[in-house]
Amino acid sequence: MWLNSIIRIILINSLLAITIGFSMPAFAAKNVKNVRVWPSPDSTRVVLDLTQSIEYSYFMLSNPERLVLDIKNTSINAELSNLAQSSDILKNIRSSTKNKSDSRLVFDLTSKIEPIIFALKPTAPYGNRLVIDLVDTEAKVAENQKKMESDRDIIIAIDAGHGGEDPGSIGGKGNYEKRITLAISKKLEALINKQPGLTAVMTRTGDYYISVHGRTEKARNANADLLISIHADAYHTPHPSGAGVWTLSPRRANSEIGKWLEKKEKHSELLGGAGDAIKNTTTEKYLVRTLLDMSMDHSMSQGYLVAKEILGELKDITKLHKRSPQSASFGVLKSPDIPSILVETGFISNPKEEKLLINNWFQNKMANSIFTAVNSYFKRNPPDGSYFAKFKDVKHKVKRGESLSLVAQNYNVTVSKIKEANNLRSNNIKIGQVLSIPQS
Ligand SMILES: [Zn+2]
């Protein structure tokens, strides 16, 4: 599936190599042959493509803020101008020759940052790399300050799959999964934010790479009540089709296609940033394991119920690949404390569905179905202290001769409040119907 993109990336890199300017120490044995910049709202990733692994050191300077990276026995053969254009954190990258064989890169920054620098071994299509993550510390603090309160909104984290240098699967017509997932996610975000009592938080808002760990971390920092990861499925033959919903599982995936998907996700992770594998040490795995045992039952059963609800909506707008929620253990679903689900919106490897997936009308329907399911699930099962919980307490069973306006009058609330609390599309109510009465 990625072969196309791999070839494209290699092509772009070699074109760059021809047009670059040179600032080269005379006796350097190694090369920085290309520099890539991936900005996101609160961090920017800079990737140096290297001919061999390198020795490096770095330090920070203030007034103005700079990161200085010294690289031993290496020359810079990459174009650096205009690279930082779209980053909020990075103003400019400059290079200078430190001495006969060493190079120095200076990163001019807009604010104080925390650099995370690590080397990556070759993973096709990439060779040796040095990754420099520039993390805006102030943005992180602001996010953490978002505290729980009474009448709080229920937080839905929306995770648009893939992004940046990880295109996800690619359809026969050349459409990238990462673009489809972002388009649907943005539509879902708008619907959620329009609903009083719900707030959406996006794990990514543009075309940049974010690690699996970074995605769940974002959801956790926002105190998310639910994490929905949006993807498009792919298979090595064009026939398979239909949408599906996956939920967290501590065990191995329960079907053949599940196992295959697991492998695919792992591959994408390597392609995008094997840094996760380095940072997630055994101690952290142990901690995760302990947490898993504590809170998995709760989040799993909640995730399963939301997944079922979403499938109930999706069956009206598209073919289902599997009628019941499937369980898997993808990275993004491994967050033990947050109920997490993964929606496969269709098969991008199926020509008919690839066409649908890029269609604005279909994307709207997809977002709408997911929204309707999530909204009604939380209206029926509101977390304590949430705005939705206020609507839950008082119930009224409709008696003969009662109209919606009469019920509203008796409880001193508006008709529209009752309709909103019960997801009613019209003013028609039936005898025996149980209505939730919102407390005004
Ligand atoms: Zn995917």
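To be clear, the structure that these remarks concern was listed above.
Quick caveat: nothing in here was measured; it's all calculated off a predicted structure. (Residues numbered from 1 in each chain as written. Predicted model: local features only at pLDDT ≥ 70, side-chain atom pairs only at ≥ 80, totals over all residues. Heavy atoms only, no water.)

S.K.: Explanation requested: the overall build of the protein in the structure shown.
M.R.: From N to C terminus, the protein includes 11 helices and 17 strands. Relative to its full complement of 440 residues, the protein shows a buried share of 52%. The long-range fraction of contacts in the protein, counting pairs at least 24 apart against all pairs at least 6 apart in sequence, stands at 72%. Working note: accessible area of the protein is about 21,100 Å², and carbon and sulfur atoms make up 53% of it. (Helix = DSSP H or I, 4+ residues; strand = E, 2+ residues; numbered from the N terminus. Buried < 20%, exposed > 50% of the residue type's maximum accessible area, 1.4 Å probe, protein only. Contact = heavy atoms within 4.5 Å. Areas by Shrake-Rupley, 256 points an atom, 1.4 Å probe, with all protein chains shown as cover.)

S.K.: Looking at this model, I keep getting lost on the packing of helix α3 (residues 177-194) against helix α9 (residues 360-380). Mind explaining?
M.R.: The description of two packed helices rests on the angle between their axes and on the distance between the axes. With their axes 9 Å apart at the nearest point, α3 and α9 run at an angle of 50° to one another. What the angle tells us is that α3 and α9 run oblique. Crossing handedness for the pair α3 and α9: right-handed. The segment α3 lies against α9, with Ile180, Ala183, Ile184, Lys187, Leu188, Leu191 and Ile192 engaging Asn360, Gln363, Asn364, Met366, Ala367, Asn368, Ile370 and Phe371. Per-class residue counts for the contact of α3 with α9 are 10 nonpolar, 4 polar and 1 charged. (Axes fitted to C-alpha atoms, helices over the stretch in contact; angles between N-to-C directions. Parallel < 35°, antiparallel > 145°, perpendicular 65-115°, else oblique. Left-handed = near helix turned anticlockwise from the far one by under 90°. Nonpolar A, V, L, I, M, F, W, Y, C, P; charged D, E, K, R; others polar.)

S.K.: Would you mind going over the sheet that holds strand β6 (residues 90-97) with me for this structure?
M.R.: Strand pairing in a sheet takes place through backbone hydrogen bonds and is either antiparallel or parallel in direction. Read from one edge of the open sheet, 4 strands run β3-β4-β7-β6, paired in antiparallel fashion. Every interior strand has two partners, whereas the edge strands, β3 (56-61) and β6, have only one. Averaged over all pairs of adjacent strands, the angle between their axes in this sheet comes to 15°, without regard to strand direction. (Pairing = 2+ DSSP bridges.)

S.K.: What is the right way to read the environment of Asp159 from this model?
M.R.: Looking at the element boundaries, Asp159 is found in strand β10 (residues 154-160). Expressed as a C-alpha distance, the spacing of Asp159 and Thr216, which sit 57 residues apart in the sequence, is 8.9 Å. Polar contacts involving the side chain of Asp159 include one to the side chain of Thr203, which spans 2.6 Å. (Polar contact = N/O pair within 3.5 Å; in protein donor to acceptor, adjacent residues only side chain to side chain.)

S.K.: What am I meant to see in the coordination of the zinc ion here?
M.R.: For a metal with four donors in a tetrahedral arrangement, the ideal angle between donors is 109.5 degrees, while six donors in an octahedron ideally sit at 90 or 180 degrees. Within the protein, the atoms that donate to the zinc ion are His162 (NE2), Glu177 (OE) and His231 (ND1), at distances of 2.1 Å. The sequence motif formed by the donor residues of the zinc ion is H-x14-E-x53-H. Of this pair, His162 sits in the loop between β10 and α3 while His231 sits in strand β12 (residues 226-233), and the two are 69 residues apart along the sequence. One exposure class covers both His162 and His231, and it is buried. (Donors = N, O, S within 2.8 Å, 3.2 Å for Na, K, Ca; no water.)

S.K.: Looking at this structure, how should I read the packing of helix α10 (residues 404-411) against helix α11 (residues 415-422)?
M.R.: In contact at an axis separation of 9 Å, α10 and α11 are set at 105° when each is read in the N-to-C sense. Classified by the interaxial angle, the pair formed by α10 and α11 is roughly perpendicular. Contacts from Leu404, Ser405, Val407 and Ala408 in α10 reach Val415, Ile418 and Lys419 in α11. Classifying every residue of the contact of α10 with α11 by side-chain character gives 5 nonpolar, 1 polar and 1 charged.

S.K.: Would you mind going over the environment of Ser75 with me for this structure?
M.R.: Looking at the element boundaries, Ser75 is found in strand β5 (residues 74-76). The spacing of Ser75 and Asp102 is 27 residues in sequence and 6.8 Å in space, taken between C-alpha atoms. A polar contact is formed between the side chain of Ser75 and the side chain of Asn31, at a distance of 2.5 Å.

S.K.: Would you explain α9 in this entry?
M.R.: Every α-helical turn comprises 3.6 residues, leaving residues that sit three or four positions apart pointing alike. Given a rise of 1.5 Å per residue, 21 residues ought to cover 30 Å, and the 30 Å separating the end C-alpha atoms of α9 matches this to within 8%. You can read the cap of α9 off the contacts: a side-chain oxygen lies 2.7 Å from the backbone nitrogen of Trp361, and it is on Asn359. (Expected span 1.5 Å × (residues − 1).)

S.K.: What should I look at first to understand the pairing of strand β1 (residues 30-40) in this one?
M.R.: Looking along a regular strand, one sees the side chains alternate between the two faces of the sheet. The element β1 is extensively covered by neighbouring structure, given that 9 of its 11 residues are classed as buried. In this structure, β1 lies alongside β5, joined through 3 bridges in parallel fashion. Its bridge partner being in β5, Lys30 is matched across the sheet by Thr74. For β1 and strand β2 (residues 43-50), the ladder comprises 8 bridges, and the chain directions are antiparallel.

S.K.: How should I be thinking about the nonpolar core in this particular structure?
M.R.: Side chains of nonpolar character tend, in soluble globular proteins, to be buried together. Leu188, Ile228, Ile310, Val343, Ile370 and Val374 are the most contacted members of the largest nonpolar core, which totals 42 residues. Broken down by secondary-structure element, the contributors of at least two residues to this core are β10, α3, β11 (198-202), β12, α7 (282-314), β15 (340-347) and α9. Contacts of Ile370, omitting those with residues within four sequence positions, involve Leu188, Ile228, Ile230, Ile310 and Val343. In terms of nonpolar packing, the next biggest core, distinct from the first, is built from 25 residues, Val37, Leu105, Leu109 and Leu134 among them. (Core = buried A, V, L, I, M, F, W, Y, C linked by side-chain atoms within 4.5 Å.)

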